[in-house]
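# Structural features, examined
The residues making up each chain are set out below.
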Amino acid sequence: MRKPFVAGNWKENTDSRSSVELAKAVATGSAGLAKEKVTVAVIPPFVYLQSVVQAIRSSGIAVGGQDVYFEPKGAFTGEISPAMLKDVGCNYVLCGHSERRHVLCESDEMVGKKVTAALSGGLMPILCVGELLDERDGGRTEQVVARHMKTGLAGLSADKMSAVTIAYEPVWAIGTGRTATPQQAQEVHGFIRKLLAEMYNAKLAQETQILYGGSVKADNAKELMAQEDVDGLLVGGASLKADEFVRIIQAAV
Ligand code: PGA
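Residues numbered from 1 in each chain as written. Predicted model: local features only at pLDDT ≥ 70, side-chain atom pairs only at ≥ 80, totals over all residues. Heavy atoms only, no water.

Let's shift gears to the packing of helix α1 (residues 16-29) against helix α12 (residues 242-252). Running from amino to carboxyl end, α1 crosses α12 at an angle of 35°, the nearest separation of the two axes being 9 Å. For the crossing formed where α1 meets α12, the hand is right-handed. Between α1 and α12, the residues in contact are L22, A25, V26 and G29 and A242, F245, V246, I249 and Q250, respectively. Taken together, the residues of the contact of α1 with α12 sort by class into seven nonpolar, two polar and no charged. (Axes fitted to C-alpha atoms, helices over the stretch in contact; angles between N-to-C directions. Helix = DSSP H or I, 4+ residues; strand = E, 2+ residues; numbered from the N terminus. Left-handed = near helix turned anticlockwise from the far one by under 90°. Contact = heavy atoms within 4.5 Å. Nonpolar A, V, L, I, M, F, W, Y, C, P; charged D, E, K, R; others polar.)

Written as C-alpha cells, this is what we have:
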C-alpha cells in the first residue's frame, strides 16, 4: 500500500562535475524502478540542484533540497526560500535533519516553521526526527521523537500532513557505521505511526511514509525494509556511490 521511498542525502559533498555524474549513474542504474516501483530522490547541495535536475530530467528521479528557510523572501543572507527550490525543479526538502538541529543549532520551533513554509510553497517536506545517544541510553527515545513530531508538525491539518514524509534517524547511527537493528527501527517506526493516529487519524497514519536513516548500506537495506513500518530509507554516505545506492534502491522494491 505504501510505495517504497529511497532518498540520498549528499550533504556537503560532490562538486559540479561529480554531482552530475553521480545523478546520471543513479538514473541509469535505477531505470525501470524509479517512479514505477519506488520513489527515488537525490538531495544534492543547493549550488548543484539546477544542473542535477537538468541531468536527470526524464529519469523519474525526484530532486530535493537539504534545507529551506521559512521566510518567503527578504533580507536573510544565505537563506533559500521554498519558491527558489521549486523554481529550480525540487519537489522535496529535508526539514530538521539532525546535523541542522545539533550542528547548526536549529530549534524545534524553527523546524516546524520550515515544514509549514515548505508545504505552502508546494514542496513535500521530509521531517527528520530522532534521539541522541544519551537520550536513548536514558530511556527518552519516545519522548524526544514525540517532541520532534509535535513541534515539527505544529498546526498542520491532516490534509496538509498527507504531503509530509517522516524520517526516523537515530543520531547515534548517522555516519557512525552503527546502524539501528531492524527491531530498534521497527519499535520507533511503530511508535511514530501510533502517534500519527493519535495526532491525526488511523487512515493518515497508515498512509504516511516513514523512512529509516542512519548508516544504511546495500548490505542492511533489505532487512530494514522487511520491517512492517519501515517504508523507505534516507541514505547519507552510501548515496555517494552510485552502484551502492542503486543496490539500496533494488533492495527497497
Ligand atoms: P548516513 O547518513 O547514511 O551517512 O549515516 C544518513 C543521514 O544523515 O541522512
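Past the structure itself, the notes keep going.
Moving on, we get to helix α9 (residues 182-199). Counted at 1.5 Å a residue, the expected span for α9 with its 18 residues is 26 Å, and the 25 Å between its end C-alpha atoms agrees. All buried positions along α9 are accounted for by P182, A185, Q186, V188, H189, F191, I192, R193, L195 and L196. (Expected span 1.5 Å × (residues − 1). Buried < 20%, exposed > 50% of the residue type's maximum accessible area, 1.4 Å probe, protein only.)

We now examine the pattern of salt bridges. Enumeration over the complete set of coordinates arrives at 16 salt bridges. The shortest N-O distance in the salt bridge between K114 and D67 comes to 2.9 Å. Of this pair, K114 sits in helix α5 (residues 108-120) while D67 is found in the loop between β3 (62-65) and α3 (82-87), placing the two residues 47 residues apart along the sequence. Comparing K114 with D67 shows no difference in burial state: the two are buried. A salt bridge links K203 to E207, with the shortest nitrogen-to-oxygen separation between them at 3.1 Å. In this pair, K203 and E207 both sit in helix α10 (residues 202-207), four residues apart, roughly one turn of the helix. (Salt bridge = Lys/Arg side-chain N within 4 Å of Asp/Glu carboxyl O.)

This part covers the packing of α5 against helix α7 (residues 141-152). Packing of α5 against α7 brings their axes to within 8 Å, and their N-to-C directions diverge by 45°. Accordingly, the angle class assigned to the pair α5 and α7 is oblique. Of the residues in α7, those in contact with D108, G112 and V115 of α5 are R147, H148, T151 and G152. Classifying every residue of the contact of α5 with α7 gives one nonpolar, four polar and two charged. (Parallel < 35°, antiparallel > 145°, perpendicular 65-115°, else oblique.)

Here we come to the packing of aromatic side chains. Taken as a whole and judged by the stated rule, the model has four aromatic pairs. In textbook terms, an aromatic cluster arises when at least three aromatic residues are bridged by ring pairs, as seen for Y69, F70 and F76. (Phe/Tyr/Trp six-rings, centres within 6.5 Å; stacked < 30°, edge-to-face > 60°.)

A word on the side chain of H148. Looking at the element boundaries, H148 is found in helix α7. Look at H148 and you get buried, because its relative accessible area is 3%. Looking at H148, its side chain comes within polar contact range of the main-chain nitrogen of G130, at 3.2 Å. Those residues within four positions of H148 in sequence are excluded, and the remaining contacts are R101, D108, L127, V129 and G130. (Polar contact = N/O pair within 3.5 Å; in protein donor to acceptor, adjacent residues only side chain to side chain.)

As a further point, take the pairing of β3. Every second residue of β3 is oriented toward a common face, with A62 and G64 on one face and V63 and G65 on the other, all of them buried. With two bridges joining them, strand β2 (residues 39-43) and β3 adopt parallel strand pairing. Directly across from A41, in β3, lies its bridge partner A62. Taken together, β2, helix α2 (residues 49-55) and β3 form a β-α-β motif whose crossover is right-handed. Direction of pairing for β3 relative to strand β4 (residues 92-95): parallel, over a ladder of two bridges. Bridge pairing links G64 to Y92 in β4. Tracing the backbone out of β3, into α3 and back to the parallel element β4 gives a crossover that is right-handed. (Pairing = 2+ DSSP bridges. Right-handed = clockwise from strand over helix to strand, strands pointing away.)

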